[in-house]
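Close look at the chain arrangement
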Amino acid sequence: MANAPAEVEAQKQAAAARALELVRPGTIVGLGTGSTARYFIEGLARRVRSGLTVQAVVTSLESRAQAEAGGIPITERTDGWLDLAVDGADEIDPAVNCVKGRGGALLREKIVAHASRRFVLIADESKLVGRLGRGAVPVEVLPFLWEATSRSIESLGGQPELRMTAGRPFTSDNGNLILDTTFGTVDAALSAALHGIPGVLEHGLFFGMARAAIVGSAAGVRILGELP
Ligand code: 5RP
């Protein structure tokens with residue numbers, strides 16, 4: 001049975017609170033996007049107001065607005081790796097691979113995750129799956145000839161559907177379209193094949209990227225993988 005909405009929010013909050021313990025003073029932190037990441041940003045802003053010195057790289061305009069309002073210094077320039085990135089996920093498997101991007105921020109989220117020494121997921125327990133691919137995989141594509149790109153994705157066995165919002169195509173922060181694509185099987189080979197299609201800018205399969213997932217559950221906070 002699904003958890004009540006208040007319990008789900010409490011689980012997200014508990015996961016975000018545990019992730020805040022990983023933030024080291026004087027470092028650059030990657031801030032994810034979505035309702036769970038919001039709790040992390042909120043907590044980080046509180047710590048910044050209490051004197052913590054950090055800078056943040058944001059993965060979306062929405063997270064930027066929240067971070068700025070909370071007084072977290074934002075940067076887009078790093079001369080090395082980010083120390084830590086913390087983000088939500090749509091599906092997480094037992095090996096801490098995940099599907100992301102149902103909030104539409106997958107391209108920047110993957111860049112930030114890849115640029116970080118430690119990438120940690122935060123989620124409520126509804127995100128745990130035995131196998132990825134329960135729902136659609138978001139694929140960000142260039143608007144130019146997007147129907148042709150969509151057909152190429154179909155040739156990999158996918159069923160792409162253009163994401164719409166308020167009767168219009170959804171546009172990412174980068175000005176691109178999202179094809180929410182259902183696949184029979186989702187694996188690392190599919191990830192590589194999608195990257196081989198011109199017009200595909202990024203997809204929401206994150207294989208081997210997260211070191212750990214902090215998951216709020218009815219029994220308390222669970223850790224999948226190893227907390228770095
Ligand atoms: C946005 C994302 C989000 O992290 C993902 O959709 C989870 O969101 P939420 O925490 O609201 O469930 O990938 O692009």
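Everything in this summary refers to the structure shown in the same document. Every chain is numbered independently, its residues counted from 1 as its sequence is written. Per-residue local features of the predicted model are confined to residues with pLDDT of at least 70, and side-chain atom pairs are confined, for both listing and counting, to 80 or more; whole-chain, interface and lining totals are unaffected and use all residues. To obtain the side-chain values, all non-hydrogen atoms of the structure were included, while hydrogens and water were left out.

Considerations on the site of the ligand
Filter applied, for reference: A cutoff of 4 Å decides nearness: a residue is near a molecule or strand if any of its heavy atoms lies inside that distance of it. The term polar contact refers here to a pair of N or O atoms within 3.5 Å; inside protein, the definition further demands a hydrogen-donor-capable atom paired with an acceptor-capable atom, and it admits residues adjacent in sequence only when both atoms are side-chain atoms. Exposure was quantified through the Shrake-Rupley algorithm and a 1.4 Å probe, taking into account, for residues, occlusion by the shown protein chains and nothing else. For this scheme, ten residues count as nonpolar: Ala, Val, Leu, Ile, Met, Phe, Trp, Tyr, Cys and Pro. Four count as charged, namely Asp, Glu, Lys and Arg, and the remainder, Gly too, count as polar.
Close contacts around the ligand come from 16 residues, with S35, T36, D90, G101 and K127 the closest. Here an oxygen atom of the ligand and a backbone polar atom of G103 are 3.4 Å apart. At a separation of 2.5 Å, an oxygen atom of the ligand approaches a polar side-chain atom of K127. Against a free-state accessible area of 370 Å², the protein chains account for coverage of 90% of the ligand. Each residue belonging to the shell around the ligand can be placed in one class, and the counts come to two nonpolar, eight polar and six charged.

Things to note about empty space enclosed by the protein
With a probe scaled to a water molecule rolled over the atoms, the places where space remains empty come into view. For the record, the criterion: With a 1 Å grid laid over protein atoms only, a set of points is called a cavity when a 1.4 Å probe fits there but cannot get out and a pocket when it is open yet has protein on both sides within 12 Å along at least five of seven lines; lining residues have an atom within 4 Å of a point. Grid points are joined across faces, edges and corners, and a volume is the space filled by probe spheres set on the points. Helix and strand assignments follow DSSP, with helices taken as H or I runs no shorter than four residues and strands as E runs no shorter than two, numbered in order from the N terminus. Here the bounds of each domain stem from an automatic or database domain assignment.
Scanning the entire structure with this criterion turns up two cavities of 30 Å³ or more. In this structure, the largest cavity occupies an estimated 40 Å³ of space. Lining the largest cavity are T59, S60, G104, A105, L106, L107, R108, E140, S172, D173 and N174. In terms of residue count, helix α4 (residues 106-114) provides more of the lining of the largest cavity than any other element does, three residues in total. Among the residues making up the lining of the largest cavity, the classes are represented as three nonpolar, five polar and three charged. Structurally, the lining of the largest cavity is a two-domain feature, drawing no fewer than three residues from each of domain 1 (5-130 + 207-218) and domain 2 (137-201). Contributing to the lining of the second largest cavity are G30, L31, G32, T59, A85, V86, D87, E109, V112, A113 and F119.

Brief notes about the pairing of strand β6 (residues 116-124)
Spelled out, the test is: Think of it in three bands: residues with accessible area under 20% of the maximum for their type are buried, residues over 50% are exposed, and the middle band is partly exposed, with areas taken using a 1.4 Å probe on protein chains only. In short, DSSP must find at least two bridges between two strands for them to pair.
Counting buried positions along β6 yields eight of nine residues, so the element is predominantly enclosed. Strand direction decides the pairing type here: strand β3 (residues 82-87) and β6, joined by five bridges, are parallel. Bridged to L84 within β6 is R118. Bridge analysis of β6 against strand β14 (residues 212-217) gives five bridges, and the strand direction is parallel. What sits directly across from L121, in β14, is A213.

Some thoughts on the environment of Q159
Note the threshold: Residue contacts are counted whenever heavy atoms from the two residues lie within 4.5 Å of one another.
Within the element layout of this structure, Q159 appears in strand β8 (residues 159-162). Classification of Q159 as exposed rests on a relative accessible area of 57%. As for Q159 and V137, which are separated by 22 residues in sequence, their C-alpha atoms are 9.9 Å apart. When residues no more than four places from it in sequence are discounted, the contact partners of Q159 are D180, T181 and T182.

Brief notes about the pairing of strand β1 (residues 28-31)
Heads up, the rule is: When the strands point away from the viewer, a crossover counts as right-handed if the route from the first strand across the helix to the second turns clockwise.
Both faces of β1 are covered, namely the face carrying I28 and G30 and the face carrying V29 and L31. With four bridges connecting them, β1 and strand β2 (residues 55-58) associate as parallel partners. The partner of V29 across the bridge, within β2, is A56. One crossover worth recording links β1 to the parallel β2 by way of helix α2 (residues 35-49), and it is right-handed. Bridge count for β1 against β3 is three bridges, and the pairing is parallel. Looking at the pairing, G30 lines up with A85 of β3.

Some words on unusual backbone geometry
The backbone of V96 sits at a positive phi, close to 65°, despite the residue not being glycine. With respect to the helices and strands, V96 occurs in the loop between β4 (91-92) and β5 (98-99). Given a relative accessible area of 3%, V96 falls into the buried group.

Let's talk about the nonpolar core
Stated formally: In this text, buried Ala, Val, Leu, Ile, Met, Phe, Trp, Tyr and Cys residues form a nonpolar core when linked through side-chain atoms within 4.5 Å.
One finds V23, L31, F40, L44, I72 and I122 to be the most contacted residues of the largest nonpolar core, which totals 25 residues. Contributions of two or more residues to this core are made by α1 (5-20), β1, α2, β2, β3 and β6. Broken down by element, this core gets its largest block of residues, six residues, from α2. Look past the residues within four positions of I122 in its chain and what remains in contact with it is A15, A16, A19, T36, A37, F40, V86, D87, G88, A89 and I214.

Fair warning: the whole summary comes from geometry, so function is off the table for now.
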